[in-house]
Amino acid sequence: MRRHLRSIRGLAPALGGLLLAGAALAAPDAALQERLAPCIGCHGAGMSATEGVPSLGGQLPDYVVTQLFQFREKQREAPPMNEVAAGFSDDDLRSYADAVATLPPPAWSGPPADAALTTRAQALIAKHQCNSCHGPDLAGRDAIPRIRAQREDYLAKALAGYKSNARPGYDPAMNEAAQGLSEADIKDLAAYVSRL
């Protein structure tokens, strides 16, 4: 019986941080899994297979809860996410964020970036100090997203959105950082970072 309870408790963090005892555990966890299913349907269980839709795997809870809050409050427009988050309570935001954070991080499975692209992109990363916020391995920290192995098309779209100010950040750091990027720079950064 003790071994069985340890197994159940071990699953709780993966299902949104809901740690309840005994039979009451099954209903909330099943409900959260059901609610998370549409997220996984579009975003994948780690790596997104849908063009233009970011991978959620490996994202940190503070980043996810901030994005869900922005969608709910329409501070960030991204259909259908605004509609999805519209009815979320603050507790829902945290539960979803905690559950998403347990998804495995995306991993690039193709060939590595070629030497010329690597050189150009690493110079851009150093110049714009991407590592100072996103971490030395670009896996994110706190409320700053993981960009490592993110979809190339999504990274390019996000950077272009920051540059044009069409995509507001929750602080202006990305909008400011993207101002100095050319279209070629955006293409190089997206291609390289997606291949890490």
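Residues numbered from 1 in each chain as written. Predicted model: local features only at pLDDT ≥ 70, side-chain atom pairs only at ≥ 80, totals over all residues. Heavy atoms only, no water.

Summarising the element assignment, N175 is placed in helix 9 (residues 173–178). Take N175: its relative accessible area is 10%, and that puts it in the buried class. N175 sits 10 residues away from N165 along the chain, and the two C-alpha atoms are 6.2 Å apart. The contact partners of N175, leaving out residues within four places of it in the chain, are Y162, N165, R167, P168 and G169. (Helix = DSSP H or I, 4+ residues; strand = E, 2+ residues; numbered from the N terminus. Buried < 20%, exposed > 50% of the residue type's maximum accessible area, 1.4 Å probe, protein only. Contact = heavy atoms within 4.5 Å.)

Close approach of charged atoms allows side chains with opposite charge to pair. Tallied over the entire structure, the rule returns eight salt bridges. For the salt bridge of E73 with R72, the shortest nitrogen-to-oxygen distance reads 2.7 Å. Taking relative accessible area as the criterion, E73 reaches 40% and is therefore assigned partly exposed. The exposure class of R72 is buried, given its relative accessible area of 17%. Between D188 and R120 there is a salt bridge, with its nearest N and O atoms 2.7 Å apart. Pair noted here: D188 is in helix 10 (residues 183–194) and R120 is in helix 6 (residues 115–127), with a separation of 68 residues, a long-range link. (Salt bridge = Lys/Arg side-chain N within 4 Å of Asp/Glu carboxyl O.)

Our next topic: the packing of aromatic side chains. Going through the model one piece at a time under the given rule, you end up with one aromatic pair. With a centroid separation of 4.6 Å and an interplanar angle of 10 degrees, the aromatic rings of F88 and Y96 are classed as stacked. In this pair, the class of F88 matches that of Y96, namely buried. (Phe/Tyr/Trp six-rings, centres within 6.5 Å; stacked < 30°, edge-to-face > 60°.)

What follows covers the confidence of the model for the chain. Looking at the chain, pLDDT values average 85 and 84% of them are 70 or higher. Taken as a whole, residues 1–28 scores under 50 in pLDDT and shows 25 contacts with residues more than four places along the chain or in a different chain. (pLDDT = per-residue confidence, 0-100.)

This paragraph deals with unusual backbone geometry. Here the residue pair P79 and P80 is connected by a cis peptide bond, since its omega of 5 degrees sits within 30 degrees of zero. Along the chain, the position of P80 falls in the loop between helix 3 (61–72) and helix 4 (81–85). The phi torsion at Q129 lies on the positive side, around 55 degrees, for a residue other than glycine. With respect to the secondary-structure elements, Q129 resides in the loop between helix 6 and helix 7 (130–134). The phi dihedral of N165 is positive, around 65 degrees, even though this residue is not glycine. Here N165 lies in the loop between helix 8 (152–164) and helix 9. The class for N165 is partly exposed, based on a relative accessible area of 47%.

Its 12 residues give helix 3 an end-to-end C-alpha distance of 16 Å, which sits within 8% of 16 Å, the value for a rise of 1.5 Å per residue. Looking only at helix 3, the buried set comprises Y63, V64, V65, Q67, L68, Q70, F71 and R72. K74 occupies a position one or two residues after helix 3 and carries a positive phi of about 60 degrees. (Expected span 1.5 Å × (residues − 1).)

Attention now moves to the packing of helix 3 against helix 5 (residues 90–100). How two helices sit against one another is set out by the angle between their axes and by the gap between those axes. At their nearest, the axes of helix 3 and helix 5 sit 8 Å apart, and the two run at 140 degrees to each other. Here helix 5 runs oblique to helix 3, going by the angle between their axes. Helix-helix and strand crossings are classified by hand; for helix 3 and helix 5 the assignment is right-handed. Of the residues in helix 5, those touching helix 3 at P61, D62, V64, V65, L68, F69 and R72 are D90, L93, R94, Y96, A97, D98 and V100. Taken together, the residues that form the contact of helix 3 with helix 5 break down as nine nonpolar, no polar and five charged. (Axes fitted to C-alpha atoms, helices over the stretch in contact; angles between N-to-C directions. Parallel < 35°, antiparallel > 145°, perpendicular 65-115°, else oblique. Left-handed = near helix turned anticlockwise from the far one by under 90°. Nonpolar A, V, L, I, M, F, W, Y, C, P; charged D, E, K, R; others polar.)

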